[in-house]
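# Structure assessment
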Amino acid sequence: MGDTGYQRWICEACGFVYDEAKGDPDSGLAPGTRYADIPADWECPLCGMRKSDLRLLRDTPAPARSVTRSPSRRAPVTCRGGDDHVVIIGAGIAGWSVAEQLRLRMPERDILLITACSGDYYTKPALSTALTNGLGPEDLVVESAASKAAGLGIAVRTRTRVIDVDRAKRRIATSKGSITYGKLVLALGGQQRDLAIQGDAADQIIKINDLRTYRRLRQRLDEGATRVSILGGGLIGCEFAEDLSSVGVHVDIIEPARQPLANLLVEGLSQGLRVRLAEKGVRWHLGKTLDRLEQGGDCVRATLSCGQTLETDVIISAAGLQPHTTLAKKIGLQVTQGVCTDHDMRTADPDIFAVGDCAAVDGRIYHHVDAIRLQAKAVAGAIAGTAAPFDMTAPLVRVKTPSFPLAVCLPAGSDCAEHPSADGLRVDYLRDGELVGFMLADEHAAKAASLYGRITERRWPDAS
Ligand SMILES: Cc1cc2nc3c(=O)[nH]c(=O)nc-3n(C[C@H](O)[C@H](O)[C@H](O)COP(=O)(O)OP(=O)(O)OC[C@H]3O[C@@H](n4cnc5c(N)ncnc54)[C@H](O)[C@@H]3O)c2cc1C
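We now turn to the structure provided with this report. (Residues numbered from 1 in each chain as written. Predicted model: local features only at pLDDT ≥ 70, side-chain atom pairs only at ≥ 80, totals over all residues. Heavy atoms only, no water.)

So, on to the packing of helix 1 (residues 93-105) against helix 2 (residues 145-152). Taken N-terminus to C-terminus, the directions of helix 1 and helix 2 make an angle of 20°; their axes are 10 Å apart at the nearest point. The orientation of helix 1 relative to helix 2 falls into the category roughly parallel. As helix 1 runs across helix 2, the sense of the crossing is left-handed. Packed against helix 1, whose contacting residues are Trp 96, Ala 99, Glu 100 and Arg 103, the element helix 2 presents Ala 145, Lys 148, Ala 149 and Leu 152 at the interface. The class makeup of the residues in the contact of helix 1 with helix 2 is five nonpolar, no polar and three charged. (Axes fitted to C-alpha atoms, helices over the stretch in contact; angles between N-to-C directions. Helix = DSSP H or I, 4+ residues; strand = E, 2+ residues; numbered from the N terminus. Parallel < 35°, antiparallel > 145°, perpendicular 65-115°, else oblique. Left-handed = near helix turned anticlockwise from the far one by under 90°. Contact = heavy atoms within 4.5 Å. Nonpolar A, V, L, I, M, F, W, Y, C, P; charged D, E, K, R; others polar.)

Time to look at the nonpolar core. Core analysis: the largest hydrophobic core is formed by 135 residues, its most contacted members being Trp 96, Ile 230, Leu 244 and Ile 316. Among the elements that take part in this core, helix 7 (residues 369-384) stands out by supplying ten residues, more than any other. Contact partners of Trp 96, with chain neighbours within four places excluded, come to Gly 90, Ala 91, Leu 113, Gly 119, Tyr 121, Ala 145, Lys 148, Ala 149, Leu 152, Ile 154 and Val 156. One finds Ala 201, Ile 205, Leu 231 and Val 300 within the second-largest nonpolar core, a separate group that totals twelve residues. (Core = buried A, V, L, I, M, F, W, Y, C linked by side-chain atoms within 4.5 Å. Buried < 20%, exposed > 50% of the residue type's maximum accessible area, 1.4 Å probe, protein only.)

The final tally for this structure, using the stated rule, is five aromatic pairs. Ring centres of Tyr 18 and Trp 42 lie 6.1 Å apart, and the angle between their planes is 65°; on these two criteria the pair is classed as edge-to-face. In this pair, Tyr 18 sits in strand 2 (residues 17-19) while Trp 42 sits in the loop between strand 2 and strand 3 (54-56), placing the two residues 24 residues apart along the sequence. Among the residues examined, Trp 42 registers a relative accessible area of 4% and is labelled buried. Centroid distance Tyr 214 to Phe 240: 6.2 Å. Interplanar angle 25°. Geometry classified as stacked. Placement of Tyr 214 in helix 3 (residues 211-222) and of Phe 240 in helix 4 (residues 235-245) is noted, with a sequence separation of 26 residues between them. Ring-pair connections join several aromatic residues into one group, and the members of that group are Phe 16, Tyr 18 and Trp 42. (Phe/Tyr/Trp six-rings, centres within 6.5 Å; stacked < 30°, edge-to-face > 60°.)

Turning our attention to the layout of surface pockets. Size it by volume and the second largest pocket reaches roughly 1,000 Å³. Contributing to the lining of the second largest pocket are 38 residues, with Phe 16, Asp 24, Asp 26, Pro 45 and Leu 46 lying nearest its centre. Residue assignment for the lining of the second largest pocket shows that the elements contributing at least two residues are strand 2, helix 4, strand 26 (397-399) and helix 8 (448-456). (1 Å grid on protein atoms, 1.4 Å probe; cavity = no way out; pocket = protein on both sides within 12 Å on 5 of 7 lines; lining within 4 Å. Points joined across faces, edges and corners; volume = space filled by probe spheres on them.)

Before going further, it helps to spend a moment on the pairing of strand 11 (residues 177-180). Taken together, the four bridges between strand 10 (residues 171-174) and strand 11 define a ladder with antiparallel strand orientation. Within the sheet, the bridge partner assigned to Thr 174 lies in strand 11 and is Gly 177. Hairpin geometry of strand 10 and strand 11 is characterised by an intervening segment of two residues between the two adjacent antiparallel strands. (Pairing = 2+ DSSP bridges.)

This part is about the site of the ligand. Every one of the 30 residues lining the ligand counts as a neighbour, but Ala 94, Val 162, Asp 357, Val 369 and Lys 400 are closest to it. Note that an oxygen atom of the ligand is positioned 3.5 Å from one of the backbone N or O atoms of Cys 117. Within the contact set of the ligand, an oxygen atom lies 3.0 Å away from a side-chain nitrogen or oxygen of Lys 124. (Near = heavy atom within 4 Å. Polar contact = N/O pair within 3.5 Å; in protein donor to acceptor, adjacent residues only side chain to side chain.)

On to the pattern of salt bridges. Two side chains bearing opposite charge may form a pair once their charged atoms approach each other closely. Here the structure, examined in full by the defined rule, presents 20 salt bridges. The salt bridge partner of Arg 215 is Glu 138, with a shortest N-O separation of 2.7 Å. On the criterion of sequence distance, the pair formed by Arg 215 in helix 3 and Glu 138 in the loop between strand 6 (121-122) and strand 7 (141-143) is long-range, its members being 77 residues apart. Using a relative accessible area of 32% as the deciding quantity, one classes Arg 215 as partly exposed. Here Glu 138 falls in the partly exposed class, since its relative accessible area comes to 40%. The partner of Arg 426 in a salt bridge is Asp 428, and the shortest N-O contact between them spans 2.8 Å. Three or more residues joined by partner-sharing salt bridges are found here, namely Arg 227, Arg 301, Glu 311 and Asp 313. (Salt bridge = Lys/Arg side-chain N within 4 Å of Asp/Glu carboxyl O.)

In structure tokens, the structure reads:
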């Protein structure tokens, strides 16, 4: 906090930083507007979330939290679960959201959250915009695991890896002993997929999908790295490319497709993004893959499929997420793209749920915070007996590339007409004359929240 006492807040869904000193003039919030004075219907300019989705950044003391649970029922420090426990595995947005939603519906239910990581609550979407926002890895931690668990009145076991589950006995084997459960929630996330790359430096690729791996990138930059090569020109790769370029890092993107975000964008918008990032200094290697990585003195030498070599300091992989399904397969749950669930997020085992980046509903994985929050509500509703089935046919996808912001809502089905705008920066999808989807770039992207609201006829999920 500065002399003026201004605070900074971060949007949990997209990593947008609201700095009270700067306000949000585009939305009518003058510089100096305190969080308390932001109207409740304000929308995050990046993702359309609400004021209640902003969390205080840690350079200021956290406000007191209200605990909805009776204070007499404290969670034991080393909880071993029990037949009546809901046990959640995973401390990403999915795991913590399930804990929050359960606590809202069941103030007295015993809840235990187990995670292999530190469990600290951070905004993952902010990883790819942190440099632009002047944030270090530690700034992204909104709350420690212990503090968040205490606030919710739940038990937490961090640095504890789940190895196996005996479904008949409802017992979990972990790296620190066994735990029993009544209901089990798998919120295991995923990791950047493995690539077949040869050479003595292949193990130096940083696969970024969490705060721990992101710290490795920042450490390399702190040590003086100035050249970063990114494997994958998809959403995450493009966001990191722009963020790194914004602080003067030389970026190369190696992408097997002939255009960036080939699976998401029509060609015109894809080319628009390519050109804007190139103007920021990003060098594209489209239609190519990385074959070999070799140590070359003070650099790493990358050999591409076309034979070209690049010298770089750091290689990061953003080549696509692979859900963590090994555990689910091992214990006999059905797995396709992810762990299969119904719309209550329930697996074929009635006592086991899956949610977030590891879960596939009707064969589809939703890698979006707003979808994951709806899934968490569905899990909590199913366990509490107040069903709230997950339903999101057309998610809103944002690409956080400030030089060419994009917002995409692809309609389900292929029976709609495509209407490109005259400036080539917007495509509307119409069915029977009704707007059912869109692709918006540049200035048009600011209209995404209101158009999406019209399409889905639902409000954005709030944090309550
Ligand atoms: C750089 C980046 C930018 C993004 N930007 C956006 C955005 O702008 N908007 C948006 O909506 N989405 C965005 N996303 C996607 C979104 O952040 C993810 O979909 C979401 O965070 C996934 O949360 P999760 O809880 O399912 O998984 P994770 O965050 O991966 O959490 C998985 C948890 O499971 C634990 N775990 C795994 N295996 C075990 C085990 N065996 N035992 C114990 N614990 C285990 C892990 O330790 C971890 O705590 C972005 C993602 C990235 C990487």
